[in-house]
Amino acid sequence: MAQSLTAYNTFGIEASCDQLFRFQSEREIQDWLAGLTIAADKFFVLGGGSNLLLLDHVPLTFLQANIQQISYLESGDEVTVTAGAGVNWHQLVLDSLDKGYSGLENLSLIPGNVGAAPIQNIGAYGVELEQRFISLSAVDLYSGERRVFSHEECQFGYRDSIFKGELRGRYIITEVTLRLYKKPQLVLTYGPLKNLLETTENLTAKDVSDEVIKIRQSKLPDPNKLGNAGSFFKNPVVTIEQYQELKTGFPNIVAYQVNDSYMKLAAGWLIDQCGLKGYRHGDAGVHQQQALVMVNHGNASGNDILTLAGHVRDTVLSKFGVRLEPEVWIIGQQDVF
């Protein structure tokens, strides 16, 4: 019997899978796998459902870690935190701040669970997960064996890791270990955060977190009120030469330097310049405040959102010659992306 996934994706899309198994511990998933005859390539690992676009019925067994433990270990000025994969990411950030530790404040209010964070190498406001990452534990869906992955073994890239490529679908992450600090190690390189130094005395990690939350809430819709999966597209990375060529035609283009060879373009700006902010096709729409976000105004299907995203991508490509790649995972029968 099909299992509904409507409550498990922040787009609020009506979708289903063959079955859904949620587990509370590493041992529970290992025992469950040991008794199975289902092939491992028939599994899909579900996190918080905040980075997914589901298309109708997905003929797979969905697995979700509901491991909720958080533990801290102090060593000199540094602290390691180990959190279960089912812990809500933002709750981990708040918990670490409540304990007086710095390191995750720039990553406040990112939706989803801890287990999904390394897969996506989440990042915001000048900080990426890999900068705080130590290791993770995962269970091999083929053998049931536990494996620990080091920073190097995760092969992090921009919104990328080995779990989105070579090992996609092979492992389910059960816990993640990160490095935090007792003394604030504040990263204030991102525009709106720079002002905090001038406006706030004795600036704390909690102050930075509060500002990030305020910025995110002003830009991004609450998925409980308007279905969405945050940024739908990655910010495209182009060569310096491509950027200079674009700047000639579009002097106000918004971009950030990655290194001596590459620039990162603001995908939201590109979409906005195409006149698509607030654009709507049925119940699928581009958000009015943040053009990078696709939204479900009520009864959009996964395919409605996908068709809209394809239109956005094609319009940006036509105007700027830059191809947008989705940041969300598109799951189901599709060939648009």
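- As annotated in an unreviewed UniProt entry, the protein carries the name UDP-N-acetylenolpyruvoylglucosamine reductase and is attributed to Kangiella japonica.
- For the protein, the Subcellular location (unreviewed entry) comment in UniProt is given as "Cytoplasm".
- On record in UniProt, under Pathway (unreviewed entry), the comment for the protein is "Cell wall biogenesis; peptidoglycan biosynthesis."

Considerations on the sheet that holds strand E3 (residues 43-46)
Point 1. A sheet is described by the order of its strands in space; here four strands give the open sequence E1-E2-E5-E3, paired in mixed fashion. The open sheet has two edge strands with one neighbour each: strand E1 (3-4) and E3.
Point 2. Pairing geometry for strand E2 (residues 16-23) and strand E5 (residues 57-65), over seven bridges, is parallel. Bridging across to E5, Arg22 finds its partner in Gln64.

Some points on the side chain of Asn106
Point 1. Here Asn106 shows up in the loop between helix H2 (89-98) and helix H3 (117-120).
Point 2. A polar contact is formed between the side chain of Asn106 and the backbone oxygen of Tyr125, at a distance of 2.8 Å.
Point 3. Leaving out residues up to four positions away in the same chain, Asn106 has contacts with Ala124, Tyr125, Val127, Val187, Leu193, Val208 and Val212.

So, the packing of aromatic side chains
Point 1. Scanning the entire structure with this criterion turns up 13 aromatic pairs.
Point 2. Residues Tyr72 and Tyr101 carry aromatic rings whose centres are separated by 5.4 Å and whose planes lie at 45° to one another, so their mutual orientation is tilted. Note that Tyr72 is positioned in strand E6 (residues 70-75) and Tyr101 in the loop between H2 and H3, a separation of 29 residues in sequence.
Point 3. By relative accessible area, Tyr72 is classed as partly exposed at 22%.
Point 4. Overall, Tyr101 belongs to the buried group, its relative accessible area being 9%.
Point 5. Where Phe149 meets Tyr171, the ring centres are 5.0 Å apart and the plane angle is 90°; that geometry is what we call edge-to-face. Of this pair, Phe149 sits in strand E11 (residues 146-150) while Tyr171 sits in strand E12 (residues 171-181), and the two are 22 residues apart along the sequence.
Point 6. In this structure Tyr171 comes out as buried when scored by relative accessible area, which is 11%.

Definitions and cut-offs
Residues numbered from 1 in each chain as written. Predicted model: local features only at pLDDT ≥ 70, side-chain atom pairs only at ≥ 80, totals over all residues. Heavy atoms only, no water. UniProt positions renumbered as here; feature names shortened; annotations may be inferred. Pairing = 2+ DSSP bridges. Helix = DSSP H or I, 4+ residues; strand = E, 2+ residues; numbered from the N terminus. Polar contact = N/O pair within 3.5 Å; in protein donor to acceptor, adjacent residues only side chain to side chain. Contact = heavy atoms within 4.5 Å. Phe/Tyr/Trp six-rings, centres within 6.5 Å; stacked < 30°, edge-to-face > 60°. Buried < 20%, exposed > 50% of the residue type's maximum accessible area, 1.4 Å probe, protein only.

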